[in-house]
Structure formats: structure tokens, C-alpha cells
Amino acid sequence: MKILVTGGAGFIGSNFIHYWLENHPEDEIINFDLLTYAGHLESLQSIKDNPHYSFVQGDITDAKAVDEVVSKVEAIIHFAAESHVDRSILDPLIFTKTNIMGTQVLLEAAKKYGIKKFHHVSTDEVFGALPLDSDTKFNETTPYNPHSPYAASKASSDHIVRAYFDTFNVPITITNCSNNFGPYQDPEKFMPRLITNLLIGQKVKIYGDGKYVRDWLHVIDHCRAIDLVFLKAAPGSTYCVGGMTKDVNT
Ligand SMILES: NC(=O)c1ccc[n+]([C@@H]2O[C@H](COP(=O)([O-])OP(=O)(O)OC[C@H]3O[C@@H](n4cnc5c(N)ncnc54)[C@H](O)[C@@H]3O)[C@@H](O)[C@H]2O)c1
């Protein structure tokens, strides 16, 4: 299968490309990434000469560039996004443009070329926050309740992705995953920042009063979940993905 991976130079996307080429060596991947501050081709250095991998620098909001690259593939796995909550408070408009409009531009091209599978990588932040003493956990029927501009833009993109299934029959799937950690993560994110702060003897910054449930998942476990959903799930379906092993309410 020839797959377009958007945002493949980012944290999860680069891990995913390594994972996919190791586990599905017969497939071909085109990595389409704008290389914003969050995109690092160094993360893909070891596979840059792999004949099953190629890189195209481009913007998912650029309909012409997207049309051209989507015309060459059978499936899309969509990671590209503005992903940092703190930045979405400082500069929210770029989140609306990239995460909502960019996703819709991709869906338009997927519709036009009859793409066989469109997987949208989303976040559990669309559901809001759980208090520390909560005995529930997010699931596929949890109502959307986003708070940050980042979460609201991802929530909007989820709705648009579903609308393209309901209205145009684009064969989409969605995963809403909790926080990831692992290799190639940008030092501005929580876990690497925590480690670098500790290394230089500084205090660790906790968000709010710290009294919220935080679920963490290793990035390769996230990639394995996307693999399963992408290949096996029914078109139109959504799955929550998380690291919590204790079954709290079901
Ligand atoms: N990091 C997490 O813990 C987490 C958890 C759940 C879901 N997600 C979702 O997974 C996806 C990837 O997250 P990440 O942490 O790897 O993000 P990231 O910020 O590390 O990477 C995003 C990538 O997208 C690229 N990009 C940004 N704007 C673009 C544009 N307009 N056109 C093309 N490429 C563009 C960047 O250059 C970068 O390579 C996002 O959709 C995010 O919402 C992340």
C-alpha cells in the first residue's frame, strides 16, 4: 500500500514512520510535512535512503500541494497539527488554520481521489479534564468538552472528519489518544522539559494545581494502536487509546 503520512517529521509521526517501515516493509510512505519548529528530519535520518520512504515539504492548508501528493497514494494517516497547548494560548489562529482547515483540505483531496483509508490522529484533550478523584475515564461516548484553543481545534477537526464519512462516505477512522512520551519528542513538551529541568537543577513546573488525572502512553504503543485501527476498524469508527491499565469504571 502507498500511504501518505502528514506531519511525519514530528514526534509521533516520525516514530510512526520508523514503526511502519519495520512492521510493514512492503508498504511505501510519503512523508508530507511543512517542517515548522516542531518538524525534525534528523529523527528520520536513518531511513532517508530507504526506497520505500520519501519526503515532500508542504503545507496541509495548501490545496494545490495537497492535491498533487494525495493523487499519488491509496491511504492517508494524518498527524500534522499544531500540537502545543501553551502555544495555542499565545497564538491561537494558526491552530484553527492548520488543525481545522488543513484537515478539511486533506479530506477534500481524499474525496476527490477515492482514498481507501483516511486515519485521523486526535487527542483525548477534546473531552476536557477529569478531576483527581474521578472514578470514570474517557471513552468513545464521552461528550466533547474542549477548553484550550488546541483542544477546540482538534475537536472541530474530529467533527469535520466524521462529517466527511456521513456526507461523502470518505472511509475515515479516528483515534483519540492520551499524552505520549518517548524518543524524538520536542524539548518544549512536558516530559522532556521535566527531565531537562531536573538535569540542570531547576524545579519541575506543574500545570494548574496538579490535581488532575494524567494518562501517559509510550509513543510506540500509540503507533501499534493506530496500526490496528487503520487496518482493522470499520470505516466511520472512533477508538480511544490510553495507557491506564486499571479498569476504573467498566
Ligand atoms: N503528543 C501527544 O501526546 C499527542 C497525544 C494525542 C494525540 N496527538 C496528536 O498527534 C498528532 C502528532 O502530534 P505530535 O506530538 O507528534 O506533534 P508535533 O508538534 O511533534 O508534530 C507536528 C508535525 O506537523 C508538522 N506540521 C505542522 N503544521 C503543518 C502544516 N500546516 N502542514 C504540514 N505539516 C505541518 C510539523 O512540522 C511537525 O512535524 C497531532 O495531531 C496531535 O494532536 C498528540
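The structure presented is a predicted model; accordingly, all values stated were derived computationally and were not measured. Numbers given to residues run from 1 along each chain, matching the order in which its sequence is written. The predicted origin of the model limits local features to residues at a pLDDT of at least 70 and limits the giving and counting of side-chain atom pairs to 80 or more, whereas totals for whole chains, interfaces and linings rest on all residues.

With that out of the way, let us pick up the nonpolar core. In plain words, the nonpolar core is the set of buried Ala, Val, Leu, Ile, Met, Phe, Trp, Tyr and Cys residues that C-beta atoms within 7 Å link up. Whether a residue is buried, exposed or partly exposed follows from its count of other C-beta atoms within 10 Å of its own C-beta, namely 20 or more, 12 or fewer, or something in between, respectively; the C-beta atoms are built from the backbone. Ranked by internal contacts, the top residues of the largest apolar core, which has 41 residues, are V70, I76 and A110. Membership of the second largest hydrophobic core comes to six residues, among which are V126, Y150, A151 and A155.

Counted at 1.5 Å a residue, the expected span for helix 4 (residues 93-113) with its 21 residues is 30 Å, and the 29 Å between its end C-alpha atoms agrees. A residue's bend is the angle separating two fitted axes: one through the seven residues that end there, the other through the seven that start there. Segments assigned H or I by DSSP are reported as helices when at least four residues long, segments assigned E as strands when at least two residues long, and all are numbered from the N terminus. Maximal helix bending in helix 4 amounts to about 25 degrees, located at M101. What helix 4 keeps buried is the set F95, T98, N99, I100, G102, T103, V105, L106, L107, A109 and A110. We call two residues in contact if the C-beta atoms placed from their backbones are at most 7 Å apart. In this structure, the buried residues of helix 4 make contact with strand 1 (2-6), helix 2 (63-70), strand 4 (75-78), helix 3 (85-90), strand 5 (117-123) and helix 5 (149-168). Of the residues trailing helix 4, G114 is marked for its positive phi of about 60 degrees. Each helix should span, by expectation, one fewer than its residue count multiplied by 1.5 Å.

Interpreting fine coordinate detail is not advised for predicted regions of low pLDDT. Scored by pLDDT, the protein has a mean of 94; 98% of the residues are at 70 or more. Confidence scores differ between elements of the protein, with helix 3 showing the lowest mean pLDDT of 89 and strand 1 the highest of 99. The quantity known as pLDDT measures the predictor's confidence residue by residue, on a range of 0 to 100.

On to the packing of helix 2 against helix 4, then. Contact geometry of helix 2 with helix 4 gives a least axis separation of 9 Å together with a crossing angle of 40 degrees. Looking at the two axes, helix 2 sits oblique to helix 4. Crossing geometry of helix 2 relative to helix 4 is assigned as right-handed. Of the residues in helix 4, those in contact with A63, V66, D67 and V70 of helix 2 are V105, L106, A109, A110 and Y113. Broken down by class, the residue content of the contact of helix 2 with helix 4 amounts to eight nonpolar, no polar and one charged. Helix axes use the C-alpha atoms of the stretch in contact, all axes being lines fitted to C-alpha atoms, and the angles between their N-to-C directions lie in the range 0 to 180 degrees. Our angle categories are set so that under 35 degrees counts as roughly parallel, over 145 as roughly antiparallel, 65 to 115 as roughly perpendicular, and the remainder as oblique. Here a crossing is taken to be left-handed if its near helix is turned anticlockwise relative to the far helix by less than a right angle, and right-handed if that turn runs clockwise. The classification used treats Ala, Val, Leu, Ile, Met, Phe, Trp, Tyr, Cys and Pro as nonpolar, Asp, Glu, Lys and Arg as charged, and all other residues, Gly among them, as polar.

All residues are tested the same way: a C-beta atom is placed from the backbone, and lying within 6 Å of a molecule or strand makes the residue near it. The environment of the ligand is made up of 30 residues, and the closest members are G7, G10, A38, G39 and A81. Counting residues per element, the ones that place at least two in the shell around the ligand are helix 1 (11-23), helix 4, strand 5 and strand 7 (179-181). Considering each element in turn, the shell around the ligand owes the most residues, three residues, to helix 1. Split by residue class, the shell around the ligand holds twelve nonpolar, 13 polar and five charged.

Pairing between two strands is assigned when DSSP locates at least 2 bridges connecting them. Read across the sheet, seven strands follow the order 3-2-1-4-5-6-9 without closing on themselves; strand pairing throughout is parallel. Since the sheet does not close on itself, it has two edges, and those belong to strand 3 (53-57) and strand 9 (238-241), each with one partner. Along the sheet, successive strands turn relative to each other by an average axial angle of 20 degrees, direction set aside. In this structure, strand 6 (residues 172-177) lies alongside strand 9, joined through four bridges in parallel fashion.

This part covers the environment of H24. Along the polypeptide, H24 turns up in the loop between helix 1 and strand 2 (28-33). Between the C-alpha atoms of H24 and A233, which are 209 residues apart in sequence, the distance is 18 Å.

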